[in-house]
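Tertiary structure, described
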Amino acid sequence: MTGFGADLMARLDAFAGFTEEPGLLTRLFLTPQHRAAADWLMELMGKAGMSARLDPAGTVVGRYEGSVPGTPALLIGSHIDTVRNAGRYDGNLGVLAAVAAVAELDRRGERLPFAIEVLGFGDEEGVRFPVTLTGSRAVAGRFDRVALETRDRDGVRMADALRAFGGDPEAIAEAARKPGEALAFLEVHIEQGPVLEAEGLPVGIVTAINGATRFAVRLRGMAGHAGTVPMALRRDALAAAAEMTLAAERVAAASDAGLVATVGRIEAKPGAVNVIPGEVVFTLDVRAPEDAVRRDACAAILGDFEAIATRRGVELAVETTHDAAAAPCSPGIRRQIEAAVIRAGLRPLSLPSGAGHDAMAFAGVLPMGMLFVRCAGGISHNPAESITVEDADLSVQILLDIIRHFEHETPTP
Ligand SMILES: [Zn+2]
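Before going into details, it helps to say that this report is about the structure given with it. Small disclaimer: the values here were computed from a predicted structure and weren't measured.

Points about the nonpolar core
Across soluble globular proteins, nonpolar side chains show a tendency to be buried alongside one another. With 75 residues, the main nonpolar core has Leu41, Leu93, Ile116, Val118, Ile398 and Ile403 as its most contacted residues. Contact partners of Ile116, with chain neighbours within four places excluded, come to Gly62, Arg63, Tyr64, Leu74, Ile76, Val102, Leu105 and Ile403.

Side note on the packing of aromatic side chains
The description of an aromatic ring pair rests on the distance of the ring centres and on the angle between the ring planes. For the structure shown, the criterion picks out nine aromatic pairs. Between the aromatic rings of Phe29 and Phe129, the centroid separation amounts to 6.4 Å while the plane-to-plane angle is 85 degrees, which identifies the pairing as edge-to-face. Separated by 100 residues along the polypeptide, Phe29 in the loop between helix H1 (5-15) and helix H2 (32-47) and Phe129 in the loop between strand E4 (115-121) and helix H4 (134-140) bring together distant segments of the chain. Taken individually, Phe29 and Phe129 each receive the classification buried, so the pair is uniform in this respect. Of the aromatic side chains, those joined through ring pairs into one cluster are Phe15, Phe18 and Trp40. Above the ring of Phe15, the side-chain terminus of Arg27 is found at 4.4 Å from the ring centroid. The positively charged end of Arg35 is found above the aromatic ring belonging to Phe165, 5.8 Å away from the centroid.

Focus: the coordination of the zinc ion
His79 (NE2), Asp90 (OD) and His189 (NE2) make up the full set of protein donors to the zinc ion, lying at 1.9 to 2.2 Å. Given a relative accessible area of 0%, His79 falls into the buried group. Relative accessible area serves as the criterion here: at 5%, Asp90 is assigned to the buried category.

Digging into the pattern of salt bridges
Inspection of every chain in the model, using the stated rule, returns 27 salt bridges. Measuring nitrogen to oxygen at the nearest pair gives 2.8 Å for the salt bridge that ties Arg88 to Asp13. With Arg88 in the loop between strand E3 (73-79) and helix H3 (92-107) and Asp13 in helix H1, the pair connects residues that are 75 residues apart, well separated along the chain. You can call Asp13 partly exposed: its relative accessible area is 37%. Between Arg218 and Glu279 there is a salt bridge whose closest N-O contact spans 2.5 Å. Of this pair, Arg218 sits in strand E7 (residues 211-220) while Glu279 sits in strand E12 (residues 279-288), and the two are 61 residues apart along the sequence. Of the residues examined, Arg218 reaches a relative accessible area of 34% and is grouped as partly exposed.

Topic: unusual backbone geometry
Following Lys269, the chain continues to Pro270 via a peptide bond in cis, the omega torsion being 5 degrees. Positive phi, normally seen in glycine, also occurs at Leu133, with a value near 60 degrees. Relative to the helices and strands, Leu133 is located in the loop between E4 and H4.

Concerning the pairing of E7
In the sheet, E7 pairs with E12 via ten bridges, with the strands oriented antiparallel. From the neighbouring strand, Arg214 faces E12, where its bridge partner is Asp285. Of the pairings in the sheet, the one linking E7 to strand E13 (residues 315-324) comprises nine bridges and is antiparallel in character. Within E13, the position partnered with Phe215 by the bridge is Thr320.

Describing H3
Compared with the 22 Å implied by 1.5 Å per residue over 16 residues, the 22 Å span of H3 between its first and last C-alpha is a close match. Within H3, 13 of the 16 residues are buried, which leaves it mostly tucked inside the rest of the structure. Among the residues trailing H3, Gly109 stands out with phi positive, at a value near 70 degrees.

What about the side chain of Asp391?
Secondary-structure assignment places Asp391 in helix H10 (residues 389-404). One polar contact links Asp391 to Arg374, side chain to side chain, over a distance of 2.8 Å. Not counting residues within four places of it along the chain, the set of residues in contact with Asp391 comprises Pro202, Val373 and Arg374.

Each value, and the rule that gives it
Residues numbered from 1 in each chain as written. Predicted model: local features only at pLDDT ≥ 70, side-chain atom pairs only at ≥ 80, totals over all residues. Heavy atoms only, no water. Core = buried A, V, L, I, M, F, W, Y, C linked by side-chain atoms within 4.5 Å. Buried < 20%, exposed > 50% of the residue type's maximum accessible area, 1.4 Å probe, protein only. Contact = heavy atoms within 4.5 Å. Phe/Tyr/Trp six-rings, centres within 6.5 Å; stacked < 30°, edge-to-face > 60°. Helix = DSSP H or I, 4+ residues; strand = E, 2+ residues; numbered from the N terminus. Lys NZ or Arg CZ within 6 Å of the ring centre and 35° of its normal. Donors = N, O, S within 2.8 Å, 3.2 Å for Na, K, Ca; no water. Salt bridge = Lys/Arg side-chain N within 4 Å of Asp/Glu carboxyl O. Pairing = 2+ DSSP bridges. Expected span 1.5 Å × (residues − 1). Polar contact = N/O pair within 3.5 Å; in protein donor to acceptor, adjacent residues only side chain to side chain.

Rendered as structure tokens:
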């Protein structure tokens, strides 16, 4: 049965109509299209029995009261901003699935011993301004006001854009839940990767959002004539970079701890067909669900780089350009999600998230967990992103089941 699926898919299609570029889906933070989408969402929340408002950081907040008004809330949310030329499920699925679950509770007159707040965050993708997680950090009480001074490519300050949108930069601290007001944070999100499809499973339980470290690596060898310099006398920076790329791949492939390592960009100079490359710059991105695994891997890879550079007579300079800790999902929330997956008659598969998500903002603040939903081919950030109506239905069914069985634990994350 696909009781919730068809409606949810139709809403996701309608929601994708709020776009800056007709025919494509592009909805950046604090744009008029974002505001129109927020208004549409608040109306939908109203019909689902929630009181809806916009918080000072531009997050849409819908509240469904518990059996006793004013009781602490289970937070369920994701983001409603998109990348340019996006798919329609990234972020939006999690928000609209949560609204569908609450609508069902409301339709049946079910009240729980806690309130539910559905959150539609405005800035997870970080496309318009050079910051991310604005809305979720504000709710988690972790917003850094420096972000308000950042500017988009037209020179518009975030603080001014937020004011024009209907938010209030001065009042962002008030968006934070006070201790005792929130019980946990849940996020439903498409996997954006190929694992669930390969396993033949519609959903998965997230173990952690991977930490990531990025490096800029510069190699200086010696440029020379491709015809006249014998192989033994060369200091080829590109051949060294190739060997280093394979070393990084080998370290990651040898791990069974969810480690991934990628050389994503490389530039060789002078870059001519008949010249031995004298200088190479490349990037290295290393991610893992556990910080210790990532740190050890970085040390092993950089150790290999040094050995390769020394052996080849190439100068090596490494700069760390990004370093973010892993955000482990709470064991208690993972167990509750897993129990609901089993009750749905499915094999519970746990997997890490290679991509960042709003849930990261709550790690260490509230018990936090995520349910991944299969997407075709693992394709995301692409208009070809797709999910099935059956999986959309299941995401609501399982979320409802998690809500109905939700057990509040002492909020030690
Ligand atoms: Zn997303």
